[in-house]
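Residue strings, one per chain:
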Amino acid sequence: MEFLLTEEQVMLKDMVSKFAKDRIAPVASDNERNHRYPADIIKEAGELGLMGIAYPTEYGGAGMDYISYMLAVEEVSRWCASTGVIISAHSSLVCDPIYRFGTEQQKQKYLPDLLSGKKIGSFSLTEAGAGSDSGATKTTAKLVGDKWVLNGSKLFATNGQEAEVFVLVASTEPGQKTRGVSAFIVDRETPGYRIGKVERKLGIRSSSTTEIILENCEIPKENLLGDLNKGFKVSMVTLDGGRLGIASQALGIARASIEDSVKYAKERQQFDAPIANLQAIQFMLADMWVEYQAAWLLTWRASKMKDAGIVYSQEAAAAKLKASEVAMFCANKAIQIHGGYGYTEDFNVERYYRDAKITEIYEGTSEIQRLVISRSLLQ
Ligand SMILES: Cc1cc2nc3c(=O)[nH]c(=O)nc-3n(C[C@H](O)[C@H](O)[C@H](O)COP(=O)(O)OP(=O)(O)OC[C@H]3O[C@@H](n4cnc5c(N)ncnc54)[C@H](O)[C@@H]3O)c2cc1C
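Note that this is a predicted model, so its numbers are computed, not measured.

With that settled, the discussion passes to a nonpolar patch on the surface. The grouping of Met-1, Phe-3 and Leu-297 at the surface amounts to a nonpolar patch, some 310 Å² of accessible area in total. Among the secondary structure elements, Leu-297 is positioned in helix H7 (residues 279-308). Residue classification places Leu-297 among the partly exposed positions, given a relative accessible area of 36%.

Look at Phe-156: it is not a glycine, yet its phi comes out positive at around 60 degrees. For Phe-156, the location among the structural elements is in strand E3 (residues 147-158). Using a relative accessible area of 47% as the deciding quantity, one classes Phe-156 as partly exposed. Phi is positive for Glu-363, close to 55 degrees, though the residue is something other than glycine. Mapped onto the elements, Glu-363 comes out in the loop between helix H9 (349-358) and helix H10 (366-378).

With that settled, the discussion passes to the packing of H7 against helix H8 (residues 313-338). Closest axis-to-axis distance for the H7/H8 pair is 9 Å, and the angle between their directions is 160 degrees. Compared by their axis directions, H7 and H8 come out roughly antiparallel. H7 and H8 meet at a crossing whose hand is left-handed. When the residues that make up the contact of H7 with H8 are grouped by side-chain class, the tally is 19 nonpolar, two polar and six charged.

Okay, the packing of aromatic side chains next. The tally for this structure, following the rule as stated, stands at seven aromatic pairs. For the ring pair Tyr-55 and Tyr-99, a centre distance of 5.7 Å and an interplane angle of 85 degrees mean the geometry is edge-to-face. Of the two residues, Tyr-55 sits in the loop between helix H2 (39-47) and helix H3 (66-79) while Tyr-99 sits in helix H4 (residues 81-101), which places them 44 residues apart along the sequence. For Tyr-55, a relative accessible area of 2% puts it in the buried group. Using a relative accessible area of 27% as the deciding quantity, one classes Tyr-99 as partly exposed. Between Phe-166 and Tyr-193 the ring centres are 4.9 Å apart and the planes differ by 55 degrees, which places this aromatic pair in the tilted class. A residue pair is termed long-range when its members are at least 10 positions apart, and Phe-166 in strand E4 (residues 165-171) and Tyr-193 in strand E6 (residues 193-198) qualify at 27 residues. Taking relative accessible area as the criterion, Phe-166 reaches 0% and is therefore assigned buried. Given a relative accessible area of 8%, Tyr-193 falls into the buried group. An aromatic cluster of three or more residues is present, and its members are Tyr-55, Tyr-59 and Tyr-99.

Each value, and the rule that gives it
Residues numbered from 1 in each chain as written. Predicted model: local features only at pLDDT ≥ 70, side-chain atom pairs only at ≥ 80, totals over all residues. Heavy atoms only, no water. Patch = residues over 30% accessible without salt bridge, like charges linked within 9 Å, V, L, I, M, F, W, Y side chains within 5 Å. Areas by Shrake-Rupley, 256 points an atom, 1.4 Å probe, with all protein chains shown as cover. Salt bridge = Lys/Arg side-chain N within 4 Å of Asp/Glu carboxyl O. Helix = DSSP H or I, 4+ residues; strand = E, 2+ residues; numbered from the N terminus. Buried < 20%, exposed > 50% of the residue type's maximum accessible area, 1.4 Å probe, protein only. Axes fitted to C-alpha atoms, helices over the stretch in contact; angles between N-to-C directions. Parallel < 35°, antiparallel > 145°, perpendicular 65-115°, else oblique. Left-handed = near helix turned anticlockwise from the far one by under 90°. Nonpolar A, V, L, I, M, F, W, Y, C, P; charged D, E, K, R; others polar. Phe/Tyr/Trp six-rings, centres within 6.5 Å; stacked < 30°, edge-to-face > 60°.

Right, here's the structure in full:
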């Protein structure tokens, strides 16, 4: 697909690919199986500009576009989907709303450290009773004097354990659901703010997923992000971009499944010949490749629309839906091609399979993506 990319985008892709092969690939499996956060790799990613690719240099970003971001998340996720989501959640779900909806003062205060990777960000929309129904937020924010006082708990915050800057959504007009929520920026050290349960997960175990507990947590009045009671819009616009990050993560997992399967099919001998000689194996590989190409083009198209400033919610949902289902499809076939060995930890394909599943769930399940797409079609 390189003919669709600019020279600068190809250079970025090659640079990230080399970084991922040299630094991420050797430790990815061990880190993931041991639930270990790759702190040194994230620090280096920050030094390379990967924590702020698509943001202006005036705030400390790399000044590149969203296609470059998509390519970088795919290259990283090719070797480690956990590292892919650490970068994606930080960049799409925290840097993006601060850049897009923040006041100049908020941008100056938070973006330089976030975009350079000196600080990690985490985004919290989900609660126990507010998953797909994300407007059903029970966490409250009340203005008392010149402080917002936050109470409640949020669930499943990616990067929750390491983050120092949190963007979260709370109800400012209880009972008004989506019309009564607002977004806030919270610093980790704020009294009344703490991390609760850390989830034990099926996959992407190098990235943390945590509960966040707010008990009379007081933040300055100026930490409201965007307009009062417009937090649902902040979240939905943020998730459009986030879905491209997850689509790119899924592309990385799909490509890893294909590349590992091609290699294995050429090496594995059965019936006195490589299994790559069997048409059954060849056709699985062909189907995997076609599906990956289709998902890549959908993701590229939606990213291109974002770069062009065109409304792309439907296209982002389509890219995320397709790429996540393709990641599952390819990882499943990869295990099939590896036979019994694919079911063991001796090969990476079992990790791809575990990692692929989450891409169908977070930042809106596949059912919610179908809802977004069909609503656009029917409006
Ligand atoms: C590892 C991990 C990381 C995460 N990271 C973050 C994060 O950083 N920040 C954050 O805010 N959240 C995060 N989440 C939360 C994630 O976005 C939610 O889990 C997801 O949106 C689904 O919500 P739920 O789990 O409550 O499922 P539910 O909403 O309870 O859904 C259960 C089932 O019902 C279906 N369903 C629900 N409503 C409808 C409908 N209207 N039409 C059709 N089907 C429907 C769903 O598709 C699903 O199959 C993370 C979750 C995980 C597991």
